Amino acid sequence: MRPKPFHPEIYNGDPRFVKNRHDGCIWHRCENRTLYADTDRSAVVYHANYLRYFEFGRASLMRELAYPYVDIEASGYVYPIIELGIKYYSPLYYDDAMWVHTRPGNLGKVKLSFDYVIIHGQTGEIVCTGFTEHCALNSAGRPVGIDEKTQKLWEIFPK
């Protein structure tokens, strides 16, 4: 199965954000490189490590939108993952460069999601696509509404 086309172009002169020529969606992007420790016996990146790359993209997006996780937690909220999905298309190997693209997904009353596309840094091939869904919890671990600052970020992120 082939992924939907993804052709990122720098958005508004800021290399941290790209616009997909195919569908017009705006994505935050950050660069990463695989470590030897990320690979398995077959010399490819172990499948679960892509979730770490998703976290890297998510944390980078929130930090660059001026609301890092440390501030979210300091305000009394946590957003654990309650569901995730990933589709793999081509492998990464040791020391491969990658672009991790992340964008805010759905926003509900107590749940929100992020979408991801990882691109091979040299070939431009789509490595994988995925999503994570999170639930807002207060410091006591009870579900609560999404905090106002996060809601605002979802509203102002370029569509």
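That block above? That's the structure.
J.: An account of helix α1 (residues 49-64) is needed here, citing residue identities and associated values.
T.: Over its 16 residues, α1 extends 23 Å from the first C-alpha to the last, a length consistent with the 22 Å expected when each residue adds 1.5 Å. Taken residue by residue, α1 has N49, Y50, Y53, F54, G57, R58, A59, S60, L61 and M62 as its buried positions. Backbone geometry just downstream of α1 places A66 in the positive-phi region, at approximately 70°.

J.: Explain the sheet that holds strand β6 (residues 97-107) residue by residue, including any values.
T.: In spatial order, the strands read β1-β2-β3-β6-β7-β8-β5; together these 7 strands make up an open sheet with antiparallel pairing. Of all strands in the sheet, those with a lone pairing partner are β1 (8-11) and β5 (81-88), marking the two edges. The sheet shows a mean angle of 30° between the axes of neighbouring strands, direction not considered. The sheet contact formed by strand β3 (residues 26-33) and β6 spans 6 bridges and is antiparallel. Within the sheet, the bridge partner assigned to R29 lies in β6 and is H101. Here helix α3 (residues 148-156) sits on the sheet in contact with β6 and β7 (111-120), set at roughly 110° to β6.

J.: Tell me about the packing of aromatic side chains, and name the residues and values.
T.: Two descriptors summarise a pair of aromatic rings, namely the distance from one centre to the other and the angle between the planes of the rings. Considering all chains together, one arrives at 8 aromatic pairs under this definition. Where Y50 meets Y88, the ring centres are 5.4 Å apart and the plane angle is 70°; that geometry is what we call edge-to-face. One end of the pair, Y50, is in helix α1; the other, Y88, is in strand β5, with 38 residues separating them in the sequence. Through pairs of rings, three or more aromatic residues link up here, namely Y50, Y53 and Y88. The lysine or arginine in question, R29, covers the ring of W99, its NZ or CZ lying 4.0 Å from the ring centre. A cation over a ring is seen here: R103 above W27, with NZ or CZ 5.7 Å from the ring centre.

Reading guide: rules and limits
- Residues numbered from 1 in each chain as written.
- Predicted model: local features only at pLDDT ≥ 70, side-chain atom pairs only at ≥ 80, totals over all residues.
- Heavy atoms only, no water.
- Helix = DSSP H or I, 4+ residues; strand = E, 2+ residues; numbered from the N terminus.
- Expected span 1.5 Å × (residues − 1).
- Buried < 20%, exposed > 50% of the residue type's maximum accessible area, 1.4 Å probe, protein only.
- Pairing = 2+ DSSP bridges.
- Axes fitted to C-alpha atoms, helices over the stretch in contact; angles between N-to-C directions.
- Contact = heavy atoms within 4.5 Å.
- Phe/Tyr/Trp six-rings, centres within 6.5 Å; stacked < 30°, edge-to-face > 60°.
- Lys NZ or Arg CZ within 6 Å of the ring centre and 35° of its normal.

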